[in-house]
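# Structure at a glance
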Amino acid sequence: TNGTTMTRASAPNGYEATKLYVEVKNATGEVIYSTDDFDNDEQLQNGAYLTVTPGQYTVVAHSANWDGNGSGFNTPYYYGETTATVKTKTVTTAKLTCTLANVKVTVNFSDEFKESFARATATIESEVDGVSAQAFTMGSDKGSAYFPVGDLTAYLSVFNKTGQGYSHMKEITGVQARDHYIINYTVAAQIGRASCR
């Protein structure tokens, strides 16, 4: 474990997803180098290299100061890993790509939907234990929500202009890292009911 990855239900204040924690481990799993902010690491500035003994190394990089195991608005979590074999008296470059390691959810309410209902809230819940649900309120744009990988359920609660309430539930299964689910709520003109697409 390392001190920079904190397990918590939501991202800490000031969280920057593209600020990368990077570590290099040798073949026995010992961390021989780490930094909380790779782009501004003093040890590697001005073209400096890490000097290591020949052997197999694992390089891991991920968003710093959080482990992505919670939910939140505008909180993507990136992760990447690769291996490199270092030979005597050679410069070895390890290239890795960090990709989204959690799941993105966007909710849209159409103009027709907004005109048809007085208020509406779409609540997205994760099947992953301990993960907070996130609510999208019609008329309030907080951006997209991010969740750890796990099936999701979207609950829609709406009230028409006379105060009558309606609800709708949609399960989202087979969720994978890097998925982006866009849930559009609109009104089906032919029958005059709310529908989820």
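In this text the structure is predicted, and so the values were computed from the model without any measurement.

Moving on, we come to the nonpolar core. Ranked by internal contacts, the top residues of the largest apolar core, which has 24 residues, are Val107, Phe109, Phe113, Ile124 and Tyr185. Contributions of two or more residues to this core are made by strand 7 (103-109), strand 8 (117-126), strand 10 (145-147), strand 11 (152-160) and strand 13 (180-188). Within the second largest apolar cluster, 7 residues are counted, among which are Val24, Val59, Ala61 and Val86.

Next up on the list: the sheet that holds strand 8. The strand order 9-8-11-12 describes an open sheet built from 4 strands, whose pairing is antiparallel. The sheet is open, and its two borders are formed by strand 9 (134-137) and strand 12 (165-172), each paired with just one other strand. Taking the axes of each pair of neighbouring strands and ignoring which way they run, one obtains an average angle of 15° across the sheet. Here 4 bridges tie strand 8 to strand 9, and the two strands are oriented antiparallel to one another. What sits directly across from Ala122, in strand 9, is Phe136.

This next bit is on the pattern of salt bridges. Across all of its chains, the model carries 1 salt bridge by this definition. One salt bridge connects Lys25 with Glu23, and the closest N-O pair in it is separated by 3.8 Å.

This next bit is on the pairing of strand 5 (residues 78-86). As judged from the 8 bridges shared by strand 3 (residues 55-63) and strand 5, these two strands associate in the antiparallel manner. The residue bridging Val60 from the neighbouring strand is Glu81, located in strand 5. Pairing analysis gives 2 bridges linking strand 5 to strand 6 (residues 99-100), with the strands arranged antiparallel. Along strand 6, the bridge assignment pairs Tyr79 with Thr99.

Position of Asn102 relative to the elements: it lies in the loop between strand 6 and strand 7. For Asn102, the side chain forms a polar contact with the main-chain nitrogen of Tyr77, separated by 3.3 Å. Excluding anything up to four places from it in sequence, Asn102 contacts Thr75, Pro76, Tyr77, Tyr146, Phe147, Pro148, Ala177 and Arg178.

Reading across from one edge, 2-1-3-5-6 is the order of the 5 strands in this open sheet, with antiparallel pairing throughout. Only two strands of the sheet have a single neighbouring strand rather than two, namely strand 2 (31-35) and strand 6. Summarising the sheet, strand 1 (residues 20-25) and strand 3 pair through 6 bridges and their orientation is antiparallel. When the sheet's bridge partners are listed, Val22 is paired in strand 3 with Ala61.

The next subject is the pairing of strand 8. Pairing of strand 8 with strand 11 involves 9 bridges; the strand directions are antiparallel. From the neighbouring strand, Thr123 faces strand 11, where its bridge partner is Tyr155.

A few words on the layout of surface pockets. Here the largest pocket is characterised by a volume of approximately 760 Å³. Val24, Leu50, Thr92, Thr93 and Ala94 are the residues nearest the centre of the largest pocket, which is lined by 30 residues in total. Contributing elements (two or more residues each) for the lining of the largest pocket: strand 1, strand 2, strand 3 and strand 5. In the lining of the largest pocket, the residues fall into 21 nonpolar, 6 polar and 3 charged.

Conventions we followed
Residues numbered from 1 in each chain as written. Predicted model: local features only at pLDDT ≥ 70, side-chain atom pairs only at ≥ 80, totals over all residues. Heavy atoms only, no water. Core = buried A, V, L, I, M, F, W, Y, C linked by side-chain atoms within 4.5 Å. Buried < 20%, exposed > 50% of the residue type's maximum accessible area, 1.4 Å probe, protein only. Helix = DSSP H or I, 4+ residues; strand = E, 2+ residues; numbered from the N terminus. Pairing = 2+ DSSP bridges. Axes fitted to C-alpha atoms, helices over the stretch in contact; angles between N-to-C directions. Salt bridge = Lys/Arg side-chain N within 4 Å of Asp/Glu carboxyl O. Polar contact = N/O pair within 3.5 Å; in protein donor to acceptor, adjacent residues only side chain to side chain. Contact = heavy atoms within 4.5 Å. 1 Å grid on protein atoms, 1.4 Å probe; cavity = no way out; pocket = protein on both sides within 12 Å on 5 of 7 lines; lining within 4 Å. Points joined across faces, edges and corners; volume = space filled by probe spheres on them. Nonpolar A, V, L, I, M, F, W, Y, C, P; charged D, E, K, R; others polar.

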